[in-house]
Amino acid sequence: MTSTATLPSAAQAAKKLVIKFGSSLVTNEGKGIDPEAVSQWVAQIAQLHAQGRQIVLVSSGAIAEGMARLGWPRRPSAMYELQAAAAVGQMGLVQAYEVAFARHGIRTAQILLTHEDLADRRRYLNARSTLYTLLALGVIPIVNENDTVVTDEIRVGDNDTLGALVTNLIEAETLIILTDQPGLYSADPRKDPNATLIQQGRAGDPALEAMAGGSGSAIGTGGMLTKVLAARRAANSGGHTIIASGREPGVLLRLAAGEPIGTELRAVLPVRSARQRWLANHLRLHGRVTLDAGAIRALTQGHRSLLAIGVIAVEGDFERGDVVACVDEHGIECGRGLINYSAADTARILRQPSSRIPEILGHMSDQELIHRDNMTFVRSPTTFAPQ
Ligand code: GLU
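Residues numbered from 1 in each chain as written. Predicted model: local features only at pLDDT ≥ 70, side-chain atom pairs only at ≥ 80, totals over all residues. Heavy atoms only, no water.

Trainee: Please give an account of the site of the ligand that cites residues and values.
Mentor: By nearness alone, every residue bordering the ligand is listed as Ser 23, Ser 60, Gly 61, Ala 62, Ile 63, Asn 144, Asp 147, Asp 158 and Asn 159. Between the ligand and the protein, one listed contact pairs an oxygen atom with a backbone N or O atom of Ala 62 at 3.0 Å. Here an oxygen atom of the ligand and a side-chain polar atom of Asn 144 are 2.8 Å apart. Protein contact buries 83% of the 300 Å² of open area that the ligand shows by itself. (Near = heavy atom within 4 Å. Polar contact = N/O pair within 3.5 Å; in protein donor to acceptor, adjacent residues only side chain to side chain. Areas by Shrake-Rupley, 256 points an atom, 1.4 Å probe, with all protein chains shown as cover.)

Trainee: How would you sum up the sheet that holds strand E7 (residues 240-245)? Please name residues and give values.
Mentor: With mixed pairing, the eight strands of this open sheet are ordered in space as E3-E4-E2-E1-E5-E7-E8-E6. For this open sheet the edge positions go to strand E3 (108-113) and strand E6 (200-202), each flanked by a neighbour on one side alone. Taken pair by pair, the neighbouring strands of this sheet meet at an average axis angle of 20°, ignoring direction. By the bridge criterion, six bridges tie strand E1 (residues 16-21) to strand E2 (residues 54-59) in an arrangement that is parallel. For Val 18, the partnering residue across the bridge sits in E2 and is Val 56. Sheet contacts for helix H4 (residues 79-102): E1, E2, E3 and strand E4 (140-145); angle to E3, the most-contacted strand, approximately 155°. (Pairing = 2+ DSSP bridges. Helix = DSSP H or I, 4+ residues; strand = E, 2+ residues; numbered from the N terminus. Axes fitted to C-alpha atoms, helices over the stretch in contact; angles between N-to-C directions. Contact = heavy atoms within 4.5 Å.)

Trainee: If you had to explain the pairing of strand E12 (residues 333-338) to someone new, which residues and values would you point to?
Mentor: For E12, a buried count of six out of six residues is recorded, marking the element as mostly surrounded by other parts of the structure. Where strand E11 (residues 323-327) and E12 come together, five bridges link them in antiparallel fashion. Residue Cys 326 lies in a different strand from E12, and its bridge partner there is Gly 335. Taking the residues that link successive antiparallel strands as the turn, the E11-E12 hairpin has five residues, and the phi of Gly 331 there is positive, at about 85°. Relative to strand E13 (residues 375-376), E12 is paired through two bridges, and the arrangement is antiparallel. (Buried < 20%, exposed > 50% of the residue type's maximum accessible area, 1.4 Å probe, protein only.)

Trainee: An account of the packing of aromatic side chains is needed here, citing residue identities and associated values.
Mentor: Scanning all chains against the criterion turns up three aromatic pairs. Ring geometry for Phe 21 and Trp 41: centres 5.0 Å apart, planes at 50°, overall tilted. Highlighted residues: Phe 21 in strand E1 and Trp 41 in helix H2 (residues 35-50), separated in sequence by 20 residues. Taking the relative accessible area as the measure of exposure, Phe 21 reaches 0% and is therefore buried. Here the aromatic rings of Phe 21 and Tyr 97 are separated by 6.2 Å at their centres, their planes lie at 50°, and the arrangement is tilted. Taken together, the residues Phe 21 in strand E1 and Tyr 97 in helix H4 connect sequence positions 76 residues apart. (Phe/Tyr/Trp six-rings, centres within 6.5 Å; stacked < 30°, edge-to-face > 60°.)

Here is the structure:
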């Protein structure tokens, strides 16, 4: 981790950029869409577009704008009220962007996604091809979570993560997260006068995650942790992440000119294949299988497929073809993949050699429980919570 910027901003060389706007920026801290501010950012994006760069916006603010339009002073907690606010506010949000981009002769498109759309292989590929088509047409897609239909089970939950998923989807070189903070600090600047701005770091550095509010520490409230975790996710497709203040004058043009502003988290980890990213980006899983030590070694060191004999327990309710986590005896995820047998069948064949599967189940679709090609390794804890 370094704290002094030595390199030009990663945005300079980027041909494909995802730019994420936080709610508080777009809605002037919840007062309602700030058309002036939106126009300023759009004018900058229009220049980047004229330079031949392809840009996707991920914009929050639907719920905040909906609350302002409905005259609600406090954010409701009931899901149906949040969904109603999002439905009202999304209109204002896209209208503000559309009007501002139209002044520069640029067309926009609205894309509303849920986690389920990205987890389903066919819908994921559809979303990807639609985004590519829009970019080829010179249109600027404006993405948000489809808050009106999401439930806890199918939501991404925050737009920093959604920004990273979109970065992976279109293989953008840079994700710029514009927020109301100057960037990531070494400690909470509101509490610690010695806190310094981290200018450069490595996406996926656990020290940064701890700094941003992970294990036992500080700034989590500013939403920095989701941004730092988003940087790790963006790095899976080689995307660098910049966290900067949207209030910094000319921030986007200056970043694109190479000026280092805010915090830049460089992607240095090996890039995963598109299929492996799709597996890793499943935020909610249908179940998990617990592996014995031999199976974990075979997977992680021997690069082998997972066989039923290495499984000691199964949890969840999944079907053939669902993505499940592979965990060790302490519940720590070491990998995940598309499983070839349902939860019920897996429970019957675990601890058994593959040669016995036809006799136990009366059929055998595959030798492997999870084939090597359908598996990826993850370092994050599994989000599957047994019922
Ligand atoms: N999708 C939400 C909205 O537009 C925002 C989620 C977020 O800010 O992370 O209101």
